[in-house]
Amino acid sequence: MTDVTQRNRTENPEAEKGAPEVQPRSRPSVTKRGGGDPASRGRTTIADGVVEKIAGLAARDVLGVHAMGSGLSRTFGAVRDRVPGGAKSVTRGVKAEVGEVQTALDLEIVVDYGVSITEVAGAVRENVISAVERMTGLEVVEVNIAVSDVKLPEEEEEGETETRLQ
(Lines give C-alpha, C1' and ligand atoms only; values in the text may rest on other atoms or scores of the structure.)
Protein backbone atom coordinates (compact mmCIF):
# COMPACT_ATOMS: atom_id res chain seq x y z
CA MET A 1 0.00 0.00 0.00
CA THR A 2 2.82 2.37 0.68
CA ASP A 3 4.20 2.40 -2.82
CA VAL A 4 0.68 2.96 -4.27
CA THR A 5 0.18 5.91 -1.93
CA GLN A 6 3.61 7.22 -2.79
CA ARG A 7 2.85 6.93 -6.51
CA ASN A 8 -0.53 8.64 -6.08
CA ARG A 9 1.13 11.54 -4.28
CA THR A 10 3.63 12.08 -7.00
CA GLU A 11 1.19 11.59 -9.89
CA ASN A 12 -1.84 13.25 -8.34
CA PRO A 13 -1.06 16.40 -6.36
CA GLU A 14 -4.71 16.74 -5.22
CA ALA A 15 -4.36 13.54 -3.20
CA GLU A 16 -1.99 15.39 -0.87
CA LYS A 17 -4.57 18.15 -0.20
CA GLY A 18 -6.90 15.82 1.66
CA ALA A 19 -8.92 14.42 -1.23
CA PRO A 20 -9.95 10.82 -0.65
CA GLU A 21 -7.53 8.30 -2.04
CA VAL A 22 -8.95 6.43 -5.03
CA GLN A 23 -7.67 2.98 -5.73
CA PRO A 24 -7.63 1.85 -9.36
CA ARG A 25 -10.41 -0.55 -10.16
CA SER A 26 -9.31 -4.09 -10.90
CA ARG A 27 -10.96 -5.95 -13.75
CA PRO A 28 -12.90 -9.05 -12.83
CA SER A 29 -11.00 -12.15 -13.77
CA VAL A 30 -12.45 -13.90 -16.82
CA THR A 31 -12.44 -17.65 -16.55
CA LYS A 32 -12.30 -19.50 -19.84
CA ARG A 33 -14.18 -22.73 -19.61
CA GLY A 34 -13.16 -25.82 -21.56
CA GLY A 35 -10.07 -24.21 -22.95
CA GLY A 36 -9.37 -23.95 -26.64
CA ASP A 37 -11.52 -23.83 -29.70
CA PRO A 38 -15.12 -25.02 -29.15
CA ALA A 39 -14.86 -27.21 -32.26
CA SER A 40 -12.08 -29.25 -30.63
CA ARG A 41 -13.93 -30.04 -27.41
CA GLY A 42 -14.97 -33.66 -27.28
CA ARG A 43 -14.43 -36.70 -29.49
CA THR A 44 -15.77 -37.54 -32.91
CA THR A 45 -15.95 -41.18 -33.87
CA ILE A 46 -16.65 -42.36 -37.39
CA ALA A 47 -18.15 -45.80 -37.96
CA ASP A 48 -16.64 -48.24 -40.44
CA GLY A 49 -19.88 -48.16 -42.44
CA VAL A 50 -19.62 -44.41 -42.99
CA VAL A 51 -16.14 -44.72 -44.48
CA GLU A 52 -17.30 -47.72 -46.55
CA LYS A 53 -20.18 -45.71 -48.06
CA ILE A 54 -17.95 -42.77 -48.93
CA ALA A 55 -15.35 -45.08 -50.51
CA GLY A 56 -17.98 -47.09 -52.40
CA LEU A 57 -19.56 -44.02 -53.94
CA ALA A 58 -16.16 -42.52 -54.81
CA ALA A 59 -15.00 -45.76 -56.46
CA ARG A 60 -18.18 -46.06 -58.55
CA ASP A 61 -17.59 -42.53 -59.90
CA VAL A 62 -14.45 -43.65 -61.73
CA LEU A 63 -14.82 -44.33 -65.44
CA GLY A 64 -14.05 -48.00 -66.14
CA VAL A 65 -15.48 -49.35 -62.87
CA HIS A 66 -18.43 -51.47 -63.89
CA ALA A 67 -19.48 -52.78 -60.48
CA MET A 68 -18.29 -53.41 -56.94
CA GLY A 69 -17.95 -56.76 -55.17
CA SER A 70 -17.46 -60.35 -56.23
CA GLY A 71 -19.88 -62.27 -58.42
CA LEU A 72 -21.55 -63.91 -55.43
CA SER A 73 -22.08 -60.66 -53.51
CA ARG A 74 -23.43 -58.98 -56.68
CA THR A 75 -25.88 -61.87 -57.16
CA PHE A 76 -27.14 -61.59 -53.60
CA GLY A 77 -27.27 -57.83 -54.00
CA ALA A 78 -29.37 -58.11 -57.15
CA VAL A 79 -31.85 -60.32 -55.30
CA ARG A 80 -31.92 -57.93 -52.34
CA ASP A 81 -32.49 -54.98 -54.70
CA ARG A 82 -35.60 -56.65 -56.13
CA VAL A 83 -37.20 -57.17 -52.72
CA PRO A 84 -39.70 -54.39 -51.98
CA GLY A 85 -38.12 -52.00 -49.50
CA GLY A 86 -34.64 -53.37 -50.19
CA ALA A 87 -32.10 -50.61 -50.71
CA LYS A 88 -29.18 -50.73 -53.09
CA SER A 89 -26.01 -51.39 -51.15
CA VAL A 90 -23.32 -48.80 -51.78
CA THR A 91 -20.93 -50.62 -49.45
CA ARG A 92 -20.85 -53.80 -51.56
CA GLY A 93 -17.24 -54.68 -52.29
CA VAL A 94 -15.81 -52.29 -49.69
CA LYS A 95 -14.24 -53.15 -46.34
CA ALA A 96 -12.85 -50.44 -44.05
CA GLU A 97 -10.82 -50.59 -40.87
CA VAL A 98 -11.15 -47.30 -39.03
CA GLY A 99 -8.87 -46.19 -36.19
CA GLU A 100 -8.80 -42.91 -34.29
CA VAL A 101 -6.89 -40.96 -36.94
CA GLN A 102 -6.25 -43.43 -39.77
CA THR A 103 -8.18 -45.82 -41.98
CA ALA A 104 -7.34 -48.64 -44.40
CA LEU A 105 -9.61 -49.81 -47.20
CA ASP A 106 -10.04 -52.98 -49.24
CA LEU A 107 -12.05 -52.68 -52.47
CA GLU A 108 -13.23 -55.39 -54.83
CA ILE A 109 -14.15 -54.09 -58.28
CA VAL A 110 -15.30 -55.29 -61.69
CA VAL A 111 -13.83 -53.34 -64.59
CA ASP A 112 -15.16 -52.80 -68.10
CA TYR A 113 -13.44 -54.73 -70.87
CA GLY A 114 -10.88 -52.69 -72.80
CA VAL A 115 -9.79 -50.30 -70.05
CA SER A 116 -6.35 -50.29 -68.47
CA ILE A 117 -6.76 -52.00 -65.12
CA THR A 118 -3.72 -50.23 -63.65
CA GLU A 119 -5.06 -46.82 -64.72
CA VAL A 120 -8.53 -47.57 -63.34
CA ALA A 121 -7.04 -48.83 -60.06
CA GLY A 122 -4.90 -45.69 -59.77
CA ALA A 123 -7.89 -43.44 -60.46
CA VAL A 124 -10.00 -45.35 -57.92
CA ARG A 125 -7.27 -44.96 -55.27
CA GLU A 126 -6.97 -41.25 -55.98
CA ASN A 127 -10.72 -40.63 -55.89
CA VAL A 128 -11.33 -42.74 -52.78
CA ILE A 129 -8.44 -41.23 -50.80
CA SER A 130 -9.49 -37.71 -51.73
CA ALA A 131 -13.15 -38.25 -50.78
CA VAL A 132 -12.49 -40.09 -47.51
CA GLU A 133 -9.82 -37.67 -46.28
CA ARG A 134 -11.89 -34.61 -47.24
CA MET A 135 -15.10 -35.82 -45.64
CA THR A 136 -13.77 -37.55 -42.52
CA GLY A 137 -10.41 -35.95 -41.77
CA LEU A 138 -8.94 -39.44 -41.38
CA GLU A 139 -5.62 -40.28 -42.99
CA VAL A 140 -6.02 -43.06 -45.55
CA VAL A 141 -2.95 -45.24 -45.13
CA GLU A 142 -3.75 -47.77 -47.86
CA VAL A 143 -6.34 -48.68 -50.47
CA ASN A 144 -6.02 -52.30 -51.60
CA ILE A 145 -7.87 -53.08 -54.82
CA ALA A 146 -8.80 -56.56 -56.01
CA VAL A 147 -10.16 -56.82 -59.55
CA SER A 148 -12.52 -59.79 -59.39
CA ASP A 149 -13.97 -59.70 -62.90
CA VAL A 150 -14.02 -58.01 -66.29
CA LYS A 151 -17.37 -57.03 -67.78
CA LEU A 152 -17.49 -58.16 -71.41
CA PRO A 153 -19.66 -56.18 -73.83
CA GLU A 154 -21.90 -59.16 -74.72
CA GLU A 155 -22.57 -60.21 -71.09
CA GLU A 156 -26.03 -59.53 -69.76
CA GLU A 157 -26.50 -57.48 -66.63
CA GLU A 158 -28.22 -58.86 -63.57
CA GLY A 159 -31.81 -57.77 -63.85
CA GLU A 160 -31.73 -57.46 -67.67
CA THR A 161 -32.81 -61.02 -68.32
CA GLU A 162 -36.35 -61.35 -69.58
CA THR A 163 -38.75 -63.45 -67.62
CA ARG A 164 -40.09 -66.52 -69.36
CA LEU A 165 -43.64 -65.83 -68.25
CA GLN A 166 -45.50 -62.99 -69.92
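Structural data are supplied above this passage.
Residues numbered from 1 in each chain as written. Predicted model: local features only at pLDDT ≥ 70, side-chain atom pairs only at ≥ 80, totals over all residues. Heavy atoms only, no water.

> Give me the overall build of the chain: which residues, what numbers.
What the chain contains, in helices and strands, is four helices and four strands. Counting from the amino terminus, the chain carries its helices and strands in the arrangement α-α-β-α-β-β-α-β. Buried positions account for 25% of the 166 residues belonging to the chain. (Helix = DSSP H or I, 4+ residues; strand = E, 2+ residues; numbered from the N terminus. Buried < 20%, exposed > 50% of the residue type's maximum accessible area, 1.4 Å probe, protein only.)

> I'd like a rundown of the side chain of Thr103, residues and numbers included.
Among the structural elements, Thr103 can be located in strand β3 (residues 102-112). Assessed through its relative accessible area of 1%, Thr103 is described here as buried. For Thr103, the contacting residues outside a window of four places in its chain are Val51, Ala96, Glu97, Val98, Val132, Leu138, Glu139, Val140, Val141 and Glu142. (Contact = heavy atoms within 4.5 Å.)

> Help me get a handle on the pairing of strand β2 (residues 94-98), residues and values and all.
One ladder, built from five bridges, connects β2 with β3; its direction is antiparallel. Following the sheet pairing, Lys95 is matched in β3 by Asp106. Taking the residues that link successive antiparallel strands as the turn, the β2-β3 hairpin has three residues. (Pairing = 2+ DSSP bridges.)

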